[in-house]
Amino acid sequence: RWIGKSILWAIRQAKGVVSLSGRCNEVNHNFSCIPGIIPKSKISKQIGSFHRNKCFLLSGTLNKNTGIELALDVFKNIPDATLFLSGMISDDYKIKLEEICQKYKNIIYKGFFEKHSEYLDLLHSVDFTLSLRDPLSIVNHYNFPSKILETLAYNKIVISTIEYPELNGVNYLCVPYDKEKLTTYIKNLINTDSKNNTTITACLNNTEILIKKYSEEAWYDVFRSMENK
């Protein structure tokens, strides 16, 4: 406990703090938040592609905290939509997941990709990516899923169950962490005329705001601003 108190004291004594979370701004009077860094060269300058294929992706470390159970419960009830899963999963849960995939053909586990290029091929093939964190879980009070920034950099559409202050100004879709509400939301989403949906169109083009808020240039600007305070 004393180590934690010492670290907090040191942070408060610093001349400034750049944090990866915007939800701990009480730690220092000279505070700025940038949840990650995306090199400007890695941010797509092209509007994201939209295939209208009703395909969704949940990737990363797959466990209850990252939304695997909620995703399975939802897509069991939406046979018209396809859920792709990729990433690491514990051996005991993997057996359960394989059984579910056998029963529900619209749920497909792709495993862990050794080559990043293979993951990108899957990412580009879907229309929507999922970030299903429980906002009431303590572990999610201050963290920020870096996967979101990686996805946004390719101008892919993100559906999140948490409205992040770190993403203020960014176009993404936010829905409550609730099985029934998420199911209804996705059903409406895949049955809507996406071609004329202005919200979808906006989510496919975050280039300018990403460069402004998360590129190396954004970090330079924050450092200079904090040093001058």
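Caption draft 1: Examining the overall build of the protein chain more closely. Of regular secondary structure, the protein chain possesses nine helices and eight strands. Scaling as 2.2 N^0.38, a compact globule of 229 residues should have a C-alpha radius of gyration of about 17 Å, and the protein chain matches this with 19 Å. In terms of overall dimensions, the protein chain has C-alpha extents of about 55 × 45 × 35 Å along its principal axes. Within the protein chain, the proportion of its 229 residues that are buried is 46%.

Caption draft 2: Main features of the environment of Cys33. Position of Cys33 relative to the elements: it lies in strand β2 (residues 31-33). For Cys33, a relative accessible area of 27% translates into the label partly exposed. Other than its neighbours up to four places away in sequence, Cys33 contacts Ser19, Leu20, Ser21, Gly22 and Glu166.

Caption draft 3: Summary view of the environment of Tyr142. As for its position among the elements, Tyr142 is in the loop between β6 (128-131) and α5 (146-153). It is 6.0 Å that separates the C-alpha atoms of Tyr142 and Ser21, two residues lying 121 residues apart in sequence. Not counting the four nearest positions on each side in its chain, Tyr142 is found in contact with Ser21, Arg23 and Cys24.

Caption draft 4: Layout of the packing of helix α8 (residues 207-214) against helix α9 (residues 216-227). Axis separation between α8 and α9 bottoms out at 5 Å; the angle between their running directions is 40°. When the axis of α8 is compared with that of α9, the two are oblique. Of α9, the residues touching α8 (which contributes Ile211, Lys212, Lys213 and Tyr214) are Glu216, Glu217, Ala218 and Trp219. Classifying every residue of the contact of α8 with α9 by side-chain character gives four nonpolar, no polar and four charged.

Caption draft 5: The arrangement of a nonpolar patch on the surface in detail. Where nonpolar side chains cluster on the molecular surface, the patch consists of Trp2, Ile3, Ile7 and Ile11 and spans about 430 Å² of accessible area. In this structure, Ile3 sits in helix α1 (residues 2-13).

Caption draft 6: Quick peek at the nonpolar core. Among the nonpolar cores identified, the biggest contains 34 residues, and Phe56, Phe75, Leu83, Leu85 and Phe128 are the most heavily contacted of them. Where this core is concerned, the elements lending two or more residues are β3 (55-61), α2 (68-75), β4 (82-88), α3 (91-103), β6, β7 (157-160), α6 (179-190) and α7 (198-203). Of the residues forming this core, the biggest block, six residues, is contributed by α2. Not counting residues up to four positions away in its chain, the partners in contact with Phe75 are Phe56, Ala81, Thr82, Leu83, Asn106, Ile107, Leu130 and Ile186. Residues Ala153, Leu167, Val170 and Val222 belong to the second largest nonpolar core, which totals 21 residues.

Caption draft 7: Local environment of the state of the cysteines. Evaluated as defined, the whole model comprises zero disulfides. Unpaired in this structure, Cys174 has its nearest cysteine sulfur neighbour in Cys203, at a distance of 11 Å. Judged by its relative accessible area of 36%, Cys174 falls in the partly exposed class.

Caption draft 8: Structural view of the pairing of β4. Taken across its seven residues, β4 has six buried, putting it largely inside the fold. Regarding the hand of the β-α-β motif, the stretch spanning β3, α2 and β4 is right-handed. Pairing between β4 and strand β5 (residues 107-109): three bridges, direction parallel. What sits directly across from Phe84, in β5, is Ile108.

Caption draft 9: Layout of the packing of α2 against α6. One can describe the packing of α2 onto α6 by two numbers: an axis separation of 9 Å at closest approach and a directional angle of 55°. Relative to α6, the element α2 is oriented oblique. Along this stretch, α2 crosses α6, giving a crossing that reads as right-handed. Contacts between α2 and α6 involve Leu70, Asp73, Val74 and Phe75 from the former and Lys179, Leu182, Thr183 and Ile186 from the latter. Among the residues making up the contact of α2 with α6, the classes are represented as five nonpolar, one polar and two charged.

Conventions adopted
- Residues numbered from 1 in each chain as written.
- Predicted model: local features only at pLDDT ≥ 70, side-chain atom pairs only at ≥ 80, totals over all residues.
- Heavy atoms only, no water.
- Helix = DSSP H or I, 4+ residues; strand = E, 2+ residues; numbered from the N terminus.
- Rg over C-alpha atoms; globule rule 2.2 N^0.38 Å.
- Buried < 20%, exposed > 50% of the residue type's maximum accessible area, 1.4 Å probe, protein only.
- Contact = heavy atoms within 4.5 Å.
- Axes fitted to C-alpha atoms, helices over the stretch in contact; angles between N-to-C directions.
- Parallel < 35°, antiparallel > 145°, perpendicular 65-115°, else oblique.
- Nonpolar A, V, L, I, M, F, W, Y, C, P; charged D, E, K, R; others polar.
- Patch = residues over 30% accessible without salt bridge, like charges linked within 9 Å, V, L, I, M, F, W, Y side chains within 5 Å.
- Areas by Shrake-Rupley, 256 points an atom, 1.4 Å probe, with all protein chains shown as cover.
- Salt bridge = Lys/Arg side-chain N within 4 Å of Asp/Glu carboxyl O.
- Core = buried A, V, L, I, M, F, W, Y, C linked by side-chain atoms within 4.5 Å.
- Disulfide = S-S within 2.5 Å.
- Right-handed = clockwise from strand over helix to strand, strands pointing away.
- Pairing = 2+ DSSP bridges.
- Left-handed = near helix turned anticlockwise from the far one by under 90°.

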